[in-house]
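Here is how the chains run, residue by residue.
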Amino acid sequence: MKNWSKVFEDGSPVRAEIVKGVLESHGIPAFILNKKESAYKINGYSEVMVPEKDHQEASKIIQNEITF
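Residue numbers here run from 1 along each chain, matching the order of that chain's written sequence. The predicted nature of this model means local features are confined to residues of pLDDT at least 70 and side-chain atom pairs, given and counted, to a pLDDT of 80 or more, with totals for whole chains, interfaces and linings taken over all residues. Remark: hydrogens and water are excluded; side-chain values derive from all non-hydrogen atoms of the structure.

Visitor: Would you mind going over a nonpolar patch on the surface with me for this structure?
Guide: For patch detection, residues must exceed 30% relative accessible area and be free of salt bridges, and they are connected within 9 Å for like charges or within 5 Å for nonpolar side chains (Val, Leu, Ile, Met, Phe, Trp, Tyr). Every accessible area reported is derived by Shrake-Rupley at a probe size of 1.4 Å, with residue values counting cover from the shown protein chains alone. Salt bridge, as used here, is a side-chain nitrogen of Lys or Arg placed within 4 Å of a carboxyl oxygen of Asp or Glu. There is a patch of nonpolar side chains on the surface, built from Val14, Ile18 and Phe68 and spanning about 290 Å² of accessible area. For Phe68, the location among the structural elements is in the segment after helix 2 (55-65). Numbering of helices and strands runs from the N terminus, with a helix taken as a DSSP run of H or I at least four residues long and a strand as a DSSP run of E at least two residues long.

Now the structure itself:
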């Protein structure tokens, strides 16, 4: 995960997928890192990761274009 940084974190994997899709539609590569507990999947969260070089632009897109 070198050169990747977390740009979004949420307890809902659906919200993480939405953020990932919006970022990819803007040409920013992204992936979701699942931090949910593996046994029961009730505790934890999902992180959206982007390349460090795209972190600032991705943050602006999330802030200005995505509302939940």
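Visitor: Would you mind showing me how to read the packing of aromatic side chains here?
Guide: Two numbers describe a pair of aromatic rings. These are the distance of the centres and the angle of the planes. Between rings of Phe, Tyr and Trp, where Trp is taken as its six-membered ring, a pair exists when centres lie within 6.5 Å; planes separated by under 30 degrees are stacked, by over 60 edge-to-face, and by other angles tilted. According to the stated counting rule, one finds two aromatic pairs in the structure shown. Relative to Phe68, the ring of Phe8 has its centre 6.1 Å away and its plane inclined at 40°; by these criteria the two rings are tilted. Note that Phe8 is positioned in strand 1 (residues 4-10) and Phe68 in the segment after helix 2, a separation of 60 residues in sequence.

Visitor: Explain the sheet that holds strand 2 (residues 31-34) here, please?
Guide: Whether parallel or antiparallel, the strands of a sheet pair through hydrogen bonds between backbone atoms. Judged by pairing direction, the sheet is antiparallel, and its three strands sit side by side in the order 1-3-2 without closing on themselves. Bordering the open sheet on either side are strand 1 and strand 2, each of which pairs with just one other strand. Each adjacent strand pair in this sheet contributes to an overall mean axis angle of 35°, direction not counted. Where strand 2 lies against strand 3 (residues 46-51), four bridges are found, and the strand directions are antiparallel. Paired with Leu33 across the strands is Glu47, a residue of strand 3. Throughout, a contact is declared for two residues whenever any of their heavy atoms are within 4.5 Å. Axes here mean lines fitted to C-alpha atoms, for a helix over just the part in contact, with angles spanning 0 to 180 degrees between N-to-C directions. On the sheet, helix 2 packs against strand 1 and strand 3 and is oriented at approximately 20° with respect to strand 1. The criterion for strand pairing is that DSSP finds at least two bridges linking the strands in question.

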